[in-house]
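Structure assessment
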Amino acid sequence: TLARLLEGSQAYTGGPLAAGEFYAARQQPDAAAAAYRAGIESDAENRKLYRKKLARLEYERGNLAGAKEHLDAVLKDAPGDTEAITMMQALVLREGNEAEARSAVATLRSLAEQTPDSTEGWRLLSMLPQEELTRVSQKELDQYYKATHG
């Protein structure tokens, strides 16, 4: 059972992740968050992954401060983590400060350009909802964004 996955997390380090994914897929964010928090406590090797999962949950719930807290922790330990950087820029875009949003889009474009595989770079940009990519041209969105979602 799922409870056994979480209870035996010392023996099965992937238990909290599997349980969290299960709950998240079933639209049970509180249970998913509890599982991911258990993973942070029991699985130091994958703590960064659990924090990113929690950040995504908090972002989806509209708890931007909670999402930022988890991303700050990830970026403190791994400043070059492109997924965490991308998620942090999504927070900036969602908060609506125009100057910061321009900077966020520039950062995301830079990450996309630095990524050896342009598909991977656009995958990073595609983590953001398309309506939040207001500083990306429609031509670029038509060419790349939809291709990574198709």
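Right, let's walk through the structure included here. (Residues numbered from 1 in each chain as written. Predicted model: local features only at pLDDT ≥ 70, side-chain atom pairs only at ≥ 80, totals over all residues. Heavy atoms only, no water.)

1. Digging into the overall build of the chain
Selection criterion: The helix and strand labels rest on DSSP assignments: H or I over at least four residues marks a helix, E over at least two residues marks a strand, and numbering proceeds from the N terminus. It only takes one pair of heavy atoms within 4.5 Å for two residues to be counted as in contact. Per-residue and other accessible areas follow the Shrake-Rupley method at a 1.4 Å probe size, with only the shown protein chains counted as cover for residues.
For the chain, the count of helices and strands is nine helices and zero strands. Helices (α) and strands (β) of the chain occur, in sequence order from the N terminus, as α-α-α-α-α-α-α-α-α. Taking the contacts inside the chain whose residues are at least 6 apart along the sequence as the reference set, 39% of them involve residues at least 24 apart. Carbon together with sulfur atoms contributes 48% to the accessible area of the chain, which is approximately 8,500 Å² in total.

2. A closer look at the pattern of salt bridges
In plain terms, the rule: Salt bridges are identified by distance alone: a Lys or Arg side-chain nitrogen within 4 Å of an Asp or Glu carboxyl oxygen.
The tally for this structure, following the rule as stated, stands at eight salt bridges. In this structure, Asp72 and Lys68 form a salt bridge, with 2.9 Å as the shortest nitrogen-oxygen distance. Note that Asp72 and Lys68 are positioned in helix α5 (residues 64-77) at a spacing of four residues, about one turn of the helix. Through salt bridges with shared partners, one network takes in Lys48, Lys52, Arg56, Asp81 and Glu83.

3. Considering the nonpolar core
In plain terms, the rule: Note on terminology: a nonpolar core comprises buried Ala, Val, Leu, Ile, Met, Phe, Trp, Tyr and Cys residues joined through side-chain atoms within 4.5 Å. For each residue, the accessible area found with a 1.4 Å probe, counting protein chains only, is set against the maximum for its type, and the residue is called buried under 20%, exposed over 50%, and partly exposed in between.
If you look at the biggest cluster of nonpolar residues, it comprises 14 residues, and the most contacted ones within it are Tyr59, Leu71 and Leu91. Looking at this core, the elements that each hand over two or more residues are α4 (47-61), α5 and α6 (82-95). Examining the composition of this core, we find that six residues originate from one element, α6, more than from any other. Sequence-distant contacts of Leu71, defined by excluding residues within four places in its chain, comprise Ala55, Ala84, Met87, Met88 and Leu91. Core analysis: the next-biggest nonpolar cluster, separate from the first, contains ten residues, Ala19, Tyr23, Ala32 and Ile40 among them.

4. Quick word on unusual backbone geometry
With a phi angle near 55°, Gln27 is a residue other than glycine that sits in the positive phi range. Examined against the element boundaries, Gln27 turns out to sit in the loop between α2 (15-25) and α3 (29-42).

5. Re α2
Given 3.6 residues to a turn, an α-helix orients residues that are three or four positions apart in the same direction. We apply this condition: Directions from the helix axis toward the C-beta atoms define the arc.
Those residues of α2 not exposed but buried are Gly15, Pro16, Ala19, Gly20 and Tyr23. The buried residues of α2 occupy an angular sector of 125° when the element is viewed end-on, so they sit on one face. Just downstream of α2, Gln27 is the residue with a positive phi angle, here 55°.

6. Describing the packing of α4 against α6
Threshold: Angular values range over 0 to 180 degrees, each being the angle between N-to-C directions of two axes fitted as lines to C-alpha atoms, with helices fitted over their stretch in contact. By definition in this entry, angles of less than 35 degrees are roughly parallel, angles greater than 145 are roughly antiparallel, angles of 65 to 115 are roughly perpendicular, and the rest are oblique. Left-handed describes a crossing whose near helix is turned anticlockwise from the far helix through less than a right angle; right-handed describes the clockwise counterpart. For this scheme, ten residues count as nonpolar: Ala, Val, Leu, Ile, Met, Phe, Trp, Tyr, Cys and Pro. Four count as charged, namely Asp, Glu, Lys and Arg, and the remainder, Gly too, count as polar.
Taken N-terminus to C-terminus, the directions of α4 and α6 make an angle of 15°; their axes are 11 Å apart at the nearest point. Between α4 and α6, the angle falls in the class roughly parallel. In this structure, α4 crosses over α6, and the sense of that crossing is left-handed. The segment α4 lies against α6, with Lys52, Ala55, Arg56 and Tyr59 engaging Glu83, Ala84, Met87, Ala90, Leu91 and Arg94. Across the contact of α4 with α6, the residue classes break down as six nonpolar, no polar and four charged.

7. So, the packing of α3 against α4
Interhelical geometry of α3 versus α4 gives an angle of 155° and a closest axis separation of 8 Å. When the axes of α3 and α4 are compared, the pair comes out roughly antiparallel. Here the hand of the crossing between α3 and α4 comes out left-handed. When α3 is examined against α4, the residues Pro29, Asp30, Ala32, Ala33, Tyr36, Arg37, Gly39, Ile40 and Glu41 are found in contact with a partner set consisting of Arg47, Tyr50, Arg51, Lys53, Leu54, Leu57, Glu58 and Arg61. Counted by class, the contact of α3 with α4 contains eight nonpolar, one polar and eight charged residues.

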